[in-house]
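Here's the letter readout for the chains.
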Amino acid sequence: MTTTSNSLFGSNTAQKITPFLWFDGRVKEAINFYTSVFKNSEVINSSGLPAEAPDRDGKVTIATIRLNGLEIMLLDGGPMFKFTEAISLFVHCEAQEEIDELWDKLTGDGGEPGPCGWLKDKFGLSWQIVPNALGKLMGDPNRAKAANVQKVMMQMKKLDIAALQAAYDKG
């Protein structure tokens, strides 16, 4: 876990909007988890409680990480708010191997699969793990082919590129 910036609010001035995620006492665990799941990830900064705070024990209260170029801030805000499916992080995947790897890592250790490529990780954060090919297949002007793809996708949890392509080809 390398820290690359001293700025409390990240370093990517080109990224005007930054997701800000609220955790209940598990920021350090979330940092380690997310930076291990995604390649090309790093800790930009992290800050803990001051030395005089009770139960300090190296507890991280706020951090900024970068996951494949996207800066995300994490806050130990306490138990008041939980993640819901009303927001998710969408991950574009080129190949089935990438889908499989991310799906296994994000659903492992307490995560849970959801329908149509959605899942929740062990913190309850929703993700969409989606092949780039899906947009092309479902956006085809041949509505019968697109409908076949959608019908097959609706029956899946983890998306399977080969099965989606077969549904398209059958169209």
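Residues numbered from 1 in each chain as written. Predicted model: local features only at pLDDT ≥ 70, side-chain atom pairs only at ≥ 80, totals over all residues. Heavy atoms only, no water.

K.L.:
I keep staring at the overall build of the protein chain and nothing clicks. Help me out?
P.N.:
Assigned secondary structure in the protein chain consists of 5 helices and 8 strands. Ordered by position from N to C terminus, the α and β elements of the protein chain give β-α-β-β-β-β-α-β-β-β-α-α-α. The 171 residues of the protein chain split such that 42% are buried. Sequence-distant contacts in the protein chain: of pairs separated by 6 or more residues, those separated by 24 or more amount to 63%. Split by element, the accessible area of the protein chain, about 9,600 Å² in all, is 55% carbon and sulfur. (Helix = DSSP H or I, 4+ residues; strand = E, 2+ residues; numbered from the N terminus. Buried < 20%, exposed > 50% of the residue type's maximum accessible area, 1.4 Å probe, protein only. Contact = heavy atoms within 4.5 Å. Areas by Shrake-Rupley, 256 points an atom, 1.4 Å probe, with all protein chains shown as cover.)

K.L.:
Sorry, what's going on with the sheet that holds strand β2 (residues 41–48) here?
P.N.:
Note on sheets: strands pair through backbone hydrogen bonds, and any given pair is parallel or antiparallel. Taken in spatial order, the 4 strands of this open sheet run β1-β4-β3-β2, and their pairing is mixed. On the outer flanks of this sheet lie β1 (20–23) and β2, each paired with one strand and no other. Strand-to-strand twist across the sheet, computed as the mean angle between neighbouring axes with direction ignored, equals 20°. Each of β1, β2, β3 (60–67) and β4 (70–76) is contacted by helix α1 (residues 27–37), which is oriented at about 10° to β3, the strand it contacts most. (Pairing = 2+ DSSP bridges. Axes fitted to C-alpha atoms, helices over the stretch in contact; angles between N-to-C directions.)

K.L.:
Mind showing me how you'd approach the packing of α1 against helix α2 (residues 96–107) here?
P.N.:
Relative placement of two packed helices is described by the angle separating their axes and the distance separating the axes. At a closest axis distance of 10 Å, the pairing of α1 and α2 adopts a crossing angle of 165°. Viewed along their axes, α1 and α2 adopt a mutual orientation that is roughly antiparallel. Here α1 and α2 pass one another in a crossing that is right-handed. Taking contact as the criterion, the partners of Phe33, Ser36 and Val37 in α1 are, on α2, Leu102, Lys105 and Leu106. In the contact of α1 with α2, the residues fall into 4 nonpolar, 1 polar and 1 charged. (Parallel < 35°, antiparallel > 145°, perpendicular 65-115°, else oblique. Left-handed = near helix turned anticlockwise from the far one by under 90°. Nonpolar A, V, L, I, M, F, W, Y, C, P; charged D, E, K, R; others polar.)

K.L.:
How do you make sense of the nonpolar core when you look at a structure like this?
P.N.:
Across soluble globular proteins, nonpolar side chains show a tendency to be buried alongside one another. Core analysis: the largest hydrophobic core is formed by 30 residues, its most contacted members being Phe23, Tyr34, Leu74, Trp127 and Ile129. Among the secondary structure elements, those contributing two or more residues to this core are β1, α1, β3, β4, β5 (88–93), α2 and β8 (126–131). Counting residues per element, this core draws most heavily on α1, which supplies 6 residues. Residues within four places of Leu74 in sequence aside, it is in contact with Leu21, Phe23, Val27, Ala30, Ile31, Tyr34, Thr61, Ile62, Ala63 and Ile65. (Core = buried A, V, L, I, M, F, W, Y, C linked by side-chain atoms within 4.5 Å.)

K.L.:
Explain α2 to me, please; I cannot follow it from the model alone.
P.N.:
An α-helical turn contains 3.6 residues, so any two residues separated by three or four positions project in the same direction. Here α2 contains 12 residues, and its C-alpha end-to-end distance of 16 Å stays within 8% of the 16 Å for a straight helix at 1.5 Å per residue. Tucked inside the fold, the buried residues of α2 contact α1, β5, β6 (112–113), β7 (118–120), β8 and α5 (161–170). Looking one or two residues past α2, Asp109 carries a phi angle of roughly 55°, positive in sign. (Expected span 1.5 Å × (residues − 1).)

K.L.:
Is there a simple way to explain the side chain of Asp140 in this structure?
P.N.:
Looking at the secondary structure, you find Asp140 in the loop between α3 (132–138) and α4 (143–153). Among the polar contacts listed, one links the side chain of Asp140 to the side chain of Tyr168, at a separation of 2.4 Å. (Polar contact = N/O pair within 3.5 Å; in protein donor to acceptor, adjacent residues only side chain to side chain.)

K.L.:
Even after reading the chapter, I still don't get the packing of α4 against α5, so can you show me in this structure?
P.N.:
The N-to-C vectors of α4 and α5 enclose an angle of 145°; their axes lie 7 Å apart at closest approach. As for the relative orientation of α4 and α5, their crossing is right-handed in sense. Counted together, Lys145, Asn148, Val149, Val152 and Met153 of α4 and Ala163, Leu164, Ala167, Tyr168 and Lys170 of α5 form the full contact between these two elements. Of the residues assigned to the contact of α4 with α5, the class counts are 7 nonpolar, 1 polar and 2 charged.

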